[in-house]
Structures are given as structure tokens and as C-alpha cells.
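# Remarks on the overall topology
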Amino acid sequence: MNKISVTTLYDQDFFLWVEDTVKKLKARDNENLDWENLIEEVESLGKSQRKAVRSFLLRLLEHLLKRCYVPMSDCYRGGEIEIRNFRQQLKIELEDSPSLQNYILEILSKTYEMALENVRDDYSDIYFPDICPFPNNVETLLIEKFWDK
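This section reports on the structure supplied with the text.

## What to know about the overall build of the chain
- From N to C terminus, the chain includes 6 helices and 0 strands.
- The linear arrangement of helices and strands in the chain, starting from the amino end, is α-α-α-α-α-α.
- Dimensions along the principal axes, computed over C-alpha positions, put the chain at roughly 65 × 25 × 25 Å.
- Taking all 149 residues of the chain together, 34% fall into the buried category.
- Long-range contacts, defined as pairs at least 24 residues apart, comprise 66% of the intrachain contacts of the chain with a sequence gap of at least 6.
- Total accessible area on the chain is roughly 9,800 Å²; 50% of this is exposed by carbon and sulfur atoms.
- Looking at charge distribution, the chain has the averaged site of its 20 positive side-chain charges lying 4 Å from that of its 28 negative ones.

Laid out in C-alpha cells, this is it:
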């Protein structure tokens with residue numbers, strides 16, 4: 001395939017483009033690779049994983065705040081299940097990419113602000129701390145039952 005048809009393949013049949021690209025990579029056929037789209041796809045993998053981690057962390061923080069500060073004992077079990085689920089999702093992401101622990105620490109403060117804004121909208125009569133009450137430690141964040149303290 002020449003360069004024009006490889007780019008067209010990317011636009012017309014992404015799955016076929018992936019198969020073709022893998023075949024060329026395995027054959028070390030560097031001259032016929034669609035480098036522009038390959039680079040774009042590899043870059044998007046990292047962005048996608050970071051986006052998923054941010055989303056799971058946001059939801060985890062929202063549920064931790066609700067569980068620790070909203071006095072609704074009839075909802076505690078459901079909240080704890082959600083906390084467990086988002087922790088598991090984060091653990092899965094970290095298993096595949098341990099370096100994302102550093103990313104979690106980088107975004108924790110800003111993500112907490114987002115979670116805080118969300119729960120304050122939902123529970124305007126409840127006090128939530130302005131500064132994140134949860135430790136700046138990924139392992140602790142993923143296992144600790146802060147509501148038992």
C-alpha cells in the first residue's frame with residue numbers, strides 16, 4: 001500500500017488499518033507505516049487512560065465525601081459499594097500502569113475541588129471541608145475506611 005492508501009484506510013476502516021499496522025510493525029516495515037496516525041493513536045492511549053483515572057478518582061472522592069459527611073444511614077451500604085467499585089477500577093488501572101500513581105497525586109487536589117463542588121450542589125445544607133480530608137497517599141486512599149474513624 002502506498003502512503004495515500006494507508007491514510008485512506010485509516011479513515012475508511014480503522015480495524016483493518018490496525019491489523020495492517022500491526023503486520024507492518026512485526027515485519028519491521030518502517031517505510032510503509034502510517035506514522036502520523038500511528039503516533040496520534042499511541043498518544044491517545046495515554047490520554048484515555050489518564051481520563052479514566054481522573055473520572056474514577058472524582059467519583060471515589062464524591063462517594064467518600066457523602067459517606068463521611070452526609071448523615072443518611074439508610075444509604076451507607078450503597079455508598080460503600082460504590083466506593084469499593086471505584087477503588088477497584090482505580091486498582092485495575094494502576095495494575096496496568098503503576099506510573100499513574102504519580103498522576104493521581106498530581107490531580108488529587110484539583111479533583112477534590114471538583115468532587116466538592118458536586119457534593120455541595122447535591123447537599124447544600126451539609127458541611128464539607130474546603131481542604132481534602134483524605135491523605136495524599138494512593139494506597140491509603142484505595143483501602144482505608146475513613147468513615148470508621
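Structure shown, so let's carry the discussion forward.
## Here we look at helix 2 (residues 14-26)
- In this model helix 2 runs 18 Å from its N-terminal to its C-terminal C-alpha over 13 residues, within 8% of the 18 Å that 1.5 Å per residue would give.
- Arg28 occupies a position one or two residues after helix 2 and carries a positive phi of about 60 degrees.

## Let's talk about the pattern of salt bridges
- The full count for this structure, using the stated rule, is 4 salt bridges.
- Between Arg59 and Glu62 there is a salt bridge, with its nearest N and O atoms 3.1 Å apart. With Arg59 and Glu62 both in helix 3 (residues 35-69) and 3 residues apart, this pair spans about one turn of that helix.
- For Arg59, a relative accessible area of 34% puts it in the partly exposed group.

## Some words on the packing of helix 4 (residues 76-96) against helix 5 (residues 100-122)
- Running from N to C, helix 4 and helix 5 cross one another at 130 degrees; their axes reach a closest spacing of 9 Å. In terms of axis orientation, helix 4 runs oblique to helix 5. Residues Leu90, Glu93 and Leu94 of helix 4 touch helix 5, and the partners they reach there are Leu100, Gln101 and Ile104.
- Here the residues of the contact of helix 4 with helix 5 are counted per class, giving 4 nonpolar, 1 polar and 1 charged.

## A look at the nonpolar core
- Counting residues in each nonpolar core, the largest one holds 30 residues, and the members touching the most others are Leu57, Leu60, Leu61, Leu64, Leu90, Phe134 and Leu141.
- Those elements that place two or more of their residues in this core are helix 3, helix 4, helix 5 and helix 6 (138-141).
- The residues contacting Leu90, other than those within four sequence positions of it, are Val53, Phe56, Leu57, Leu60, Ile104 and Leu142.

## A closer look at the environment of Glu62
- For Glu62, a relative accessible area of 10% gives the class buried.
- In this structure, the C-alpha to C-alpha distance between Glu62 and Glu82, residues 20 residues apart in sequence, is 10.0 Å.
- Contacts of Glu62, omitting those with residues within four sequence positions, involve Ala115, Asn118 and Val119.

## Some remarks on the side chain of Lys24
- With respect to the secondary-structure elements, Lys24 resides in helix 2.
- One polar contact links the side chain of Lys24 to the main-chain carbonyl oxygen of Asn32, over a distance of 3.1 Å.

## As for the packing of aromatic side chains
- For the structure shown, the criterion picks out 5 aromatic pairs.
- Taking the centre distance of 5.6 Å and the plane angle of 25 degrees together, the rings of Phe14 and Trp17 count as stacked. Taken together, the positions of Phe14 and Trp17, both in helix 2 and 3 residues apart, correspond to about one turn of that helix.
- A relative accessible area of 40% places Phe14 in the partly exposed class.
- On the basis of relative accessibility, which here comes to 2%, the residue Trp17 falls in the buried class.
- Seen from their ring centres, Phe134 and Phe146 are 5.0 Å apart, and the 50 degrees between their planes marks the pair as tilted. Of this pair, Phe134 sits in the loop between helix 5 and helix 6 while Phe146 sits in the segment after helix 6; the two residues are 12 residues apart in sequence, bridging distant segments of the chain.
- Take Phe134: its relative accessible area is 6%, and that puts it in the buried class.
- On the basis of relative accessible area, Phe146 is assigned to the buried category, the value being 11%.
- Aromatic rings pair up to connect Tyr10, Phe14 and Trp17 into one cluster.

What counts and what doesn't
- Residues numbered from 1 in each chain as written.
- Predicted model: local features only at pLDDT ≥ 70, side-chain atom pairs only at ≥ 80, totals over all residues.
- Heavy atoms only, no water.
- Helix = DSSP H or I, 4+ residues; strand = E, 2+ residues; numbered from the N terminus.
- Buried < 20%, exposed > 50% of the residue type's maximum accessible area, 1.4 Å probe, protein only.
- Contact = heavy atoms within 4.5 Å.
- Areas by Shrake-Rupley, 256 points an atom, 1.4 Å probe, with all protein chains shown as cover.
- Lys, Arg positive; Asp, Glu negative; His and termini not counted.
- Charge placed at Lys NZ, Arg CZ, Asp CG, Glu CD.
- Expected span 1.5 Å × (residues − 1).
- Salt bridge = Lys/Arg side-chain N within 4 Å of Asp/Glu carboxyl O.
- Axes fitted to C-alpha atoms, helices over the stretch in contact; angles between N-to-C directions.
- Parallel < 35°, antiparallel > 145°, perpendicular 65-115°, else oblique.
- Nonpolar A, V, L, I, M, F, W, Y, C, P; charged D, E, K, R; others polar.
- Core = buried A, V, L, I, M, F, W, Y, C linked by side-chain atoms within 4.5 Å.
- Polar contact = N/O pair within 3.5 Å; in protein donor to acceptor, adjacent residues only side chain to side chain.
- Phe/Tyr/Trp six-rings, centres within 6.5 Å; stacked < 30°, edge-to-face > 60°.

The values reported here are purely geometric and, on their own, carry no functional implication.
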